[in-house]
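# Tertiary structure, described
Each chain is listed here by its residues.
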Amino acid sequence: MATDTRTRMVEATALLIRQRGYHGTSLNDILSASGAPRGSLYFHFPGGKDQLVIEVTRASVADVTERLGAALSMESDPAVAVRHIYQSVARMLEENEFSLGCPVAPVVLDAPNNVPDLAEICRSAFEQWIGLLRQAFVRAGVPERRAQALALLVESSLEGLMVIARATRDRTPVSVVADEVAALVEQAALAGKMAKQADATV
């Protein structure tokens, strides 16, 4: 039963943080949503709300990182992989009825600088995700600097699109941008390969 209570608190917190952010989620909200008694919170999480949110955010980041890495490694063509990533985001938004987006963005927007560990998890999350995209583009022949720029473009557009899709309750913007960004990635990979071939013939 103790494990069930802990799991319920973790799951409830993960959902609430994505909906309301760090400051918008109170201990009472967590206890109410999880059905857990107040005493169990400090039994499982002696550090209180901060410890709970840190654990939840760390797990959410690990999940996104794993899925992003898998999506990029499954396809040798980064443009195809990028299109699949956008499609996956669009499906996620539809499945949760446009109520949830990035698990890190609400925390970042709440600027929890008074919780250094949480701020570091958020910073590291974007570093990891952008890094995975950059590495995939470099493997496809895109020069390092261009690969970094494209990775930033993909990540920033996804973050913005999740907000727009939630506001409009429409996945169309995600699909439209997916085609444009995938075309840019395809062009960059092709240009990189052509440049390498030209160097090899010199």
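Up top is the structure these notes are about.
Thresholds, definitions, all that
- Residues numbered from 1 in each chain as written.
- Predicted model: local features only at pLDDT ≥ 70, side-chain atom pairs only at ≥ 80, totals over all residues.
- Heavy atoms only, no water.
- Buried < 20%, exposed > 50% of the residue type's maximum accessible area, 1.4 Å probe, protein only.
- Helix = DSSP H or I, 4+ residues; strand = E, 2+ residues; numbered from the N terminus.
- Arc of directions from axis to C-beta.
- Axes fitted to C-alpha atoms, helices over the stretch in contact; angles between N-to-C directions.
- Parallel < 35°, antiparallel > 145°, perpendicular 65-115°, else oblique.
- Left-handed = near helix turned anticlockwise from the far one by under 90°.
- Contact = heavy atoms within 4.5 Å.
- Nonpolar A, V, L, I, M, F, W, Y, C, P; charged D, E, K, R; others polar.
- Core = buried A, V, L, I, M, F, W, Y, C linked by side-chain atoms within 4.5 Å.
- Phe/Tyr/Trp six-rings, centres within 6.5 Å; stacked < 30°, edge-to-face > 60°.
- Lys NZ or Arg CZ within 6 Å of the ring centre and 35° of its normal.
- Expected span 1.5 Å × (residues − 1).
- Polar contact = N/O pair within 3.5 Å; in protein donor to acceptor, adjacent residues only side chain to side chain.

This brings us to helix 2 (residues 27-34). Since the α-helix turns once every 3.6 residues, residues separated by three or four places project in the same direction. Turning to helix 2, its buried residues number three or more, namely Ile30, Leu31 and Ser34. Burial along helix 2 is one-sided: seen end-on, the buried residues are contained in an arc of 95°. Summarising the geometry of helix 2, the exposed residues directed more than 90 degrees from the buried face are Ser32 and Ala33. Just past helix 2, the residue Gly35 takes up positive phi, approximately 70°.

Remark: helix 5 (residues 78-95) packs on helix 8 (residues 144-168), axes separated minimally by 11 Å, with the N-to-C direction vectors making an angle of 25°. Here helix 8 runs roughly parallel to helix 5, going by the angle between their axes. Here the hand of the crossing between helix 5 and helix 8 comes out right-handed. Across the interface between the two elements, Ile85, Tyr86, Val89, Met92 and Leu93 from helix 5 touch Val154, Ser157, Leu158, Leu161, Met162, Ala165 and Arg166 from helix 8. For the contact of helix 5 with helix 8, the class distribution of residues is 10 nonpolar, 1 polar and 1 charged.

Okay, the side chain of Thr57 next. With respect to the helices and strands, Thr57 occurs in helix 4 (residues 48-74). Accessibility expressed as a relative area gives 3% for Thr57, which makes it buried. Beyond its immediate stretch of four places on either side in the chain, Thr57 contacts Val107, Leu118 and Ile121.

The subject of this paragraph is the nonpolar core. Tyr86, Trp129, Leu133 and Phe137 are the most contacted members of the largest nonpolar core, which totals 46 residues. Mapped by element, the contributors of at least two residues to this core are helix 4, helix 5, helix 7 (116-139), helix 8 and helix 9 (172-201). For this core, the element with the most residues is helix 7, which contributes 9 residues. Leaving out residues up to four positions away in the same chain, Tyr86 has contacts with Val154, Ser157, Leu158, Leu161, Val174, Val177, Ala178 and Val181. If you look at the next biggest cluster of nonpolar residues, it comprises 9 residues, including Met9, Leu31, Leu41 and Val56.

What the rule picks out here adds up to 1 aromatic pair. Each ring, one from Phe126 and one from Trp129, has its centre 5.5 Å from the other, and the planes form 80°; the classification is edge-to-face. Taken together, the residues Phe126 and Trp129, both in helix 7 and 3 residues apart, mark about one turn of the helix. Look at Trp129 and you get buried, because its relative accessible area is 2%. Across from the ring centre of Tyr22, 4.3 Å away, lies the NZ or CZ of Lys49, which sits over that ring.

The terminal C-alpha atoms of helix 5 lie 25 Å apart, and with 18 residues this matches the ideal 26 Å at 1.5 Å per residue to within 8%. Three or more residues of helix 5 are buried, namely Pro78, Ala79, Ala81, Val82, Ile85, Tyr86, Val89, Ala90 and Leu93. The N-terminus of helix 5 is capped by Asp77, whose side-chain oxygen sits 2.9 Å from the backbone nitrogen of Ala79. One or two positions beyond helix 5, positive phi appears at Glu97, with a value near 55°.

With a phi close to 55°, Glu97 is a non-glycine residue in the positive phi region. Within the secondary structure, Glu97 sits in the loop between helix 5 and helix 6 (105-109). Of note, Arg169 is a non-glycine position whose phi angle comes to about 55°, a positive value. Counting through the fold element by element, Arg169 comes out in the loop between helix 8 and helix 9. For Arg169, a relative accessible area of 52% corresponds to the exposed category.

Keep in mind these values describe shape, not function.
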